[in-house]
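Topology and contacts: notes
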Amino acid sequence: MATDLQESSTLALGEINKYDFRTDTPTVFKAQRGLSPEIVSQISEMKREPGWMRDFRLKSLEIFNSKPMPHWGGRIGVDFQDIFYYLKPAEQQGKTWEDVPEEIKKTFDRLGIPEAERKFLAGVKAQFESEVVYGSLQEDLAKKGVIFTDTDTAVREHPDLLREYFGTIIPPSDNKFAALNSAVWSGGSFIYVPKGVSIEFPLQAYFRINAESMGQFERTLIIVDEGAQVHYVEGCTAPMYSTESLHSAVVEIVCKKHSRCRYTTIQNWANNIYNLVTKRAVAYEGAMMEWIDGNLGSQLTMKYPAVYMMEPGARGEILSIAFASAGQHQDAGAKLVHAAPNTFGRIVSKSISKNGGRSSYRGLVKVEPGAKKSRSSVVCDALILDDKSRSDTYPYIEIEEQDVSIGHEASVSKIGEEQLFYLMSRGLSEAEASTMIVGGFIEPLVKELPMEYAVEMNRLIELQMEGSVG
Amino acid sequence: MNERLEIENLHVAVEGSEILKGVNLTIGRGEVHALMGPNGSGKSTLGYAIMGHPSYEVTAGSIMLVDADGTAHDVLEMEPDGRARAGIFLAFQRPMAIPGVRLADFLRHSVTNVRDPDRKEGQELMPMREFRGELKDKMKELSMDSDFARRYVNDGFSGGEMKRAEILQLAMLRPRFAILDETDSGLDADAVRLASESIARIGGAEMGILIITHHEQLLEHNIPLKTHVMLGGRIVESGGPELAAELHKQGYERIRKAYPEAAAAEEEMEAERRLEPAAS
Ligand SMILES: Nc1ncnc2c1ncn2[C@@H]1O[C@H](COP(=O)(O)OP(=O)(O)OP(=O)(O)O)[C@@H](O)[C@H]1O
Ligand SMILES: [Mg+2]
């Protein structure tokens, strides 16, 4: 089975091992398992947070407890009392690479972050367990007033800016998992790009889960001021564990007038992880928000990045790729809300199901009254690699305005015998040919990724495809 | 004896109905053979069967690849990729589009496998520089723009572009035996002339070529040693280049009259086809 990385042993053992290792890290503080007001307060205290944040957490916990589990999407088999909600690997956050503890460095070395940084990065934030331990941002960006830090630091160092937006785009009451995140969040990125500043290189963060039964609840807030531009990239590779793990992030983004933000994620979770993420952006006049979202691995992913187009001329684009293999359910999709006239939305979703995997597209396009001349198009294509696998489409469209244009196209296809034969007649094995066809299927999205992520994505797909043809 | 591709008494069925009814054909390396015949007579079916298309079931007969020392390899035992690696190539009458896969990427993979038949999946591909250089040269020889290799395989190609891409693949893969299934169709007059020259240059004495065509032009620089006529799933007559000229000018009247049995088989196949839409 290809997604079980330990078993796919043929070609790139080194490559595979890269994603499957643990390091023994001295844990300075480990909260107790489970969830209670005491634990939440303790987390807040450990972080030396101001009172408002502690109150926000406690209130969120109440909301979490009062909300039922969602009854749609996938089956969520998580015992909330059996999870560590906070783990701090080291007391201090490293300033430079040299300051980073050796064990953690080893982990990052194996992920290739320092090289990546040298080559491409404007700034690196690497999240190890719950805290950001290493961060750097090129000096000139800092000079322009760009803030790129972890959210915990932002609570201390940029309290006013943070408080103005934190929890306003996704309030704790939004859904059960947003409430959970709001109660126990830790880490994540905080980015502020001042008026008119555009950052040429993508800002990147690596997230990892590296402790058993540990939930990861990062919280990201990005504020792109008027006329500013930023591309944020988040990549994820989790090592494999046998007990169930929960990942529930919240990402809030504000795109002010005529700004542009692109948020790229590639997540490759271990097969036992529940990945339940709430991502939402608001875009004001003439602003452009793009989500590019790649989901591989995990036991269940439920993720529907949203763009609320609040003022005329706002644009929202959501491009997503989901790959579901044995034992995996990818319930991914998108949400576009046209709340003003002349707003433009686009959703492109590609899913691949293999070896009994299940992928669903769940999307909503909503046009509010008065949002005249708005346009949206939704294209979702599913590729099913065998008879055991499954793909579903749940497109919801709510239109409360006449003068709009909304398009929806959906296709489901199987890998064509004719295509396979054509490639095999040129000397490609069946597995190579299928991999190539799958690669071609997602290519329209992959080419939107930064170079090194495109390479990574293609390699991940190859790993997923390995041994898929018997 | 010469290296050769030997087809004996080949019977092929598609979805249970027999299309080829005993084809015999031997092509030596370095020889050019032309295969003509009316629409639906089974020419493409022969190409598919040689290449190992899964829908074309060989119900009787054999296809053997014989080395110069006389060692015979059973082609029917090989998967399509094995056949490609053994040196067989089919230029498709209607090549398949593979959206999202760049011609250059696909070809690099393909060339690597065919030149190193023992290569295992995941092993190194042919070095990029070397590949690019060679591809560029070949494209130049075929008057193709090098940007063309960045396009997705056959996706949105014009009819002529598809056929040129097939010739490019032929040039890069340099097989021992090539079946060119109507590689001239869709090409304009100049392009056919260029294709004819290119195929002659690529083939030289190194390749055994079976040219399936309804025209003569492709044969201009590839004078066939033999011209074969297929009718109703059999090769009913073989002759020299003059036969190709005759068929091209005068059609298949004479052939149908001379081989009433094959002509009857042809009619039967046509009748079956007419019934199909009603049956399904
Ligand atoms: N995949 C298929 N499914 C159903 N019928 C097929 C298939 N392939 C071939 N046939 C039938 O087999 C017969 C021979 O077809 P084939 O394509 O080999 O003819 P051809 O000689 O190449 O014709 P043309 O000159 O038009 O290319 C036809 O009756 C055709 O309809
Ligand atoms: Mg044909």
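Residues numbered from 1 in each chain as written. Chains lettered and ligands numbered in written order. Predicted model: local features only at pLDDT ≥ 70, side-chain atom pairs only at ≥ 80, totals over all residues.

1. A closer look at the overall build of chain B
The condition that has to hold: By definition, any uninterrupted DSSP run of H or I lasting at least four residues is a helix, any uninterrupted run of E lasting at least two residues is a strand, and each is numbered from the N terminus. Each radius of gyration reported is based on C-alpha atoms, and the globular scaling rule is 2.2 Å times the count of residues to the power 0.38. Here a residue counts as buried when 20 or more other C-beta atoms sit within 10 Å of its C-beta, as exposed when there are 12 or fewer, and as partly exposed otherwise, the C-beta atoms being derived from the backbone. By the convention adopted here, residues are in contact when the distance between their C-beta atoms, placed from the backbone, does not exceed 7 Å.
Of regular secondary structure, chain B possesses 9 helices and 10 strands. Here the C-alpha atoms of chain B give a radius of gyration of 19 Å, agreeing with the 19 Å that 2.2 N^0.38 yields for 280 residues. Once the C-alpha set of chain B is aligned to its principal axes, its extents read approximately 55 × 45 × 40 Å. A buried classification covers 44% of the 280 residues belonging to chain B. In chain B, 71% of the contacts between residues at least 6 apart in sequence involve partners at least 24 apart.

2. Notes on the overall build of chain A
A count of helices and strands for chain A gives 12 helices and 23 strands. For chain A, buried positions account for 55% of its 470 residues. Sequence-distant contacts in chain A: of pairs separated by 6 or more residues, those separated by 24 or more amount to 82%.

3. Concerning the pairing of strand β21 (residues 374-384) of chain A
Residues and elements named next belong to chain A. How we decide: Two strands are counted as paired when DSSP detects at least two bridges linking them.
Of all 11 residues in β21, 8 are buried, a share of seventy percent or more. When strand β19 (residues 344-353) meets β21, the two strands line up parallel, connected through 10 bridges. Looking at β21, one finds that G345 is bridged to S376. The pairing of β21 with strand β23 (residues 404-414) spans 11 bridges and is classified as parallel. Following the sheet pairing, I384 is matched in β23 by K414.

4. Things to note about the sheet that holds strand β5 (residues 72-74) of chain B
Residue and element names in this part refer to chain B. Defined as follows: In this analysis, axes come from line fits to C-alpha atoms, helices being fitted only over the stretch in contact, and the angle between any two N-to-C directions falls in the range 0 to 180 degrees.
Taken in spatial order, the 4 strands make up an open sheet running β2-β1-β4-β5, and their pairing is antiparallel. Looking at strand neighbours, the two that pair on one side only are β2 (17-28) and β5, the edges of this open sheet. Within the sheet, the average angular offset between the axes of one strand and its neighbour, ignoring direction, is 10°. Sheet topology places strand β1 (residues 4-14) next to β2; 9 bridges connect them, and they run antiparallel. Across the sheet, residue E6 finds its bridge partner in β2, namely T26.

5. Considering the confidence of the model for chain B
Heads up, the condition is: A residue's pLDDT is the predictor's confidence in that residue, given on a scale from 0 to 100.
Taken as a whole, chain B shows an average pLDDT of 93; of its residues, 98% reach a score of 70 or greater. Quick note on the complex model: pTM equals 0.78, ipTM equals 0.96.

6. Side note on the interface of chain A and chain B
Stated formally: Each residue is assigned to one class: nonpolar for Ala, Val, Leu, Ile, Met, Phe, Trp, Tyr, Cys and Pro, charged for Asp, Glu, Lys and Arg, and polar for all the others, Gly among them.
Contact residues are listed per partner, giving 24 residues for chain A and 25 residues for chain B. Here the side of chain A that touches chain B takes 9 residues from helix α11 (residues 430-446) of chain A, the largest share from any one element. Here the side of chain A that touches chain B is built from residues that sort into 12 nonpolar, 7 polar and 5 charged.

7. Observations regarding the site of ligand 1
Residues and elements named next belong to chain B. Cut-off, in case you're wondering: The criterion for a residue being near a molecule or strand is simple: its C-beta atom, placed using the backbone, must lie within 6 Å of it.
Neighbouring ligand 1 are 15 residues, the closest being N39, G40, K43, S44 and T45. Among the elements that line the shell around ligand 1, the one with the most residues is helix α1 (residues 43-51), at 3 residues. Broken down by class, the residue content of the shell around ligand 1 amounts to 3 nonpolar, 9 polar and 3 charged.

8. Details of the pairing of strand β12 (residues 260-269) of chain A
All names here are of chain A. Most of β12 is tucked away, with 9 of its 10 residues classed as buried. Bridge analysis of β12 against strand β14 (residues 288-297) gives 10 bridges, and the strand direction is parallel. Pairing of T264 across the sheet is with I292, part of β14.

9. What to know about unusual backbone geometry
Residues other than glycine seldom take positive phi values, yet N342 of chain A does so here, at roughly 55°. Position of N342 of chain A relative to the elements: it lies in the loop between β18 (329-338) and β19. At S143 of chain B, a position not held by glycine, the phi torsion is positive, near 55°.

10. Here we look at the nonpolar core
One recurring pattern in soluble globular proteins: nonpolar side chains tend to sit buried together. As a reminder of what qualifies: Each nonpolar core comprises buried Ala, Val, Leu, Ile, Met, Phe, Trp, Tyr and Cys residues, the members being joined through C-beta atoms within 7 Å.
The biggest cluster of nonpolar side chains holds 195 residues, and the ones touching the most others in it are C255 and A283 of chain A together with I211 of chain B. In this structure, C255 of chain A is in contact with V224, C261, A281, V282, A283, Y284, A287 and M289 of chain A, ignoring residues within four places of it in sequence.

11. Focus: helix α2 (residues 37-46) of chain A
Residue and element names in this part refer to chain A. Applicable threshold: Relevant arc is that of directions from the helix axis to the C-beta atoms, nothing else.
All of the buried residues in α2 are V40, I43 and S44. Projected onto a plane normal to the axis of α2, the buried residues spread over an arc of 95° and lie on a single side. Pointing more than 90 degrees away from the buried face of α2 are the exposed residues E38 and E45. On its buried side, α2 packs onto α3 (51-66) and α9 (176-184).

12. Description of the sheet that holds strand β10 (residues 234-239) of chain B
Residue and element names in this part refer to chain B. Strand order in the open sheet made by the 6 strands is β6-β7-β8-β3-β9-β10, with mixed pairing throughout. Strands at the two margins of the open sheet, each flanked by one partner only, are β6 (88-91) and β10. This sheet shows a mean twist of 20° between the axes of neighbouring strands, independent of strand direction. Sheet topology note: the strand β7 (residues 177-181)/strand β8 (residues 208-212) ladder contains 5 bridges and is parallel. When the bridges of β8 are listed, F177 appears paired with G208.

13. As for helix α6 (residues 189-203) of chain B
Residues and elements named next belong to chain B. Stated precisely, the cut-off is as follows: Expected helix span is given by 1.5 Å per residue-to-residue step, counting one fewer step than there are residues.
Its 15 residues place the ends of α6 21 Å apart at the C-alpha level, agreeing with the 21 Å of an ideal helix rising 1.5 Å per residue. Those residues of α6 that are buried are in contact with α4 (128-141), α5 (159-173) and β8. The positive-phi residue at the C-terminal boundary of α6 is G204, with phi of around 50°.

14. Concerning the packing of α3 of chain A against α9 of chain A
All names here are of chain A. Condition: Each angle gets one of four labels, with under 35 degrees taken as roughly parallel, over 145 as roughly antiparallel, 65 to 115 as roughly perpendicular, and the rest as oblique. For any helix crossing, the convention is left-handed if the near helix is rotated counterclockwise from the far helix by under a right angle, and right-handed if that rotation is clockwise.
At a minimum axis distance of 7 Å, the contact between α3 and α9 shows a crossing angle of 150°. Here α3 lies roughly antiparallel to α9, going by the angle between them. As for the relative orientation of α3 and α9, their crossing is left-handed in sense. Here F56, R57, S60, L61, I63 and F64 of α3 lie close against α9, whose contacting residues are K176, A179, L180, S182 and A183. Broken down by class, the residue content of the contact of α3 with α9 amounts to 7 nonpolar, 2 polar and 2 charged.

15. Overview of the packing of helix α3 (residues 103-115) of chain B against α5 of chain B
Any two packed helices are characterised by how steeply their axes cross, that is the angle between the axes, and by the distance between the axes. All names here are of chain B. The N-to-C vectors of α3 and α5 enclose an angle of 35°; their axes lie 10 Å apart at closest approach. Between α3 and α5 lies a crossing of right-handed hand. Residues L103, L107, S110, V111 and V114 of α3 pack against A165, Q169, M172 and L173 of α5. In terms of residue class, the contact of α3 with α5 is made up of 7 nonpolar, 2 polar and no charged.

16. Focus on the environment of H221 of chain B
Residues and elements named next belong to chain B. Residue placement: H221 occurs in the loop between β8 and β9 (226-231). Classification of H221 by C-beta neighbours within 10 Å gives partly exposed; the count is 17. In this structure, the C-alpha to C-alpha distance between H221 and R201, residues 20 residues apart in sequence, is 9.0 Å. Dropping the residues within four chain positions of it, H221 is found in contact with S196, E197 and A200.

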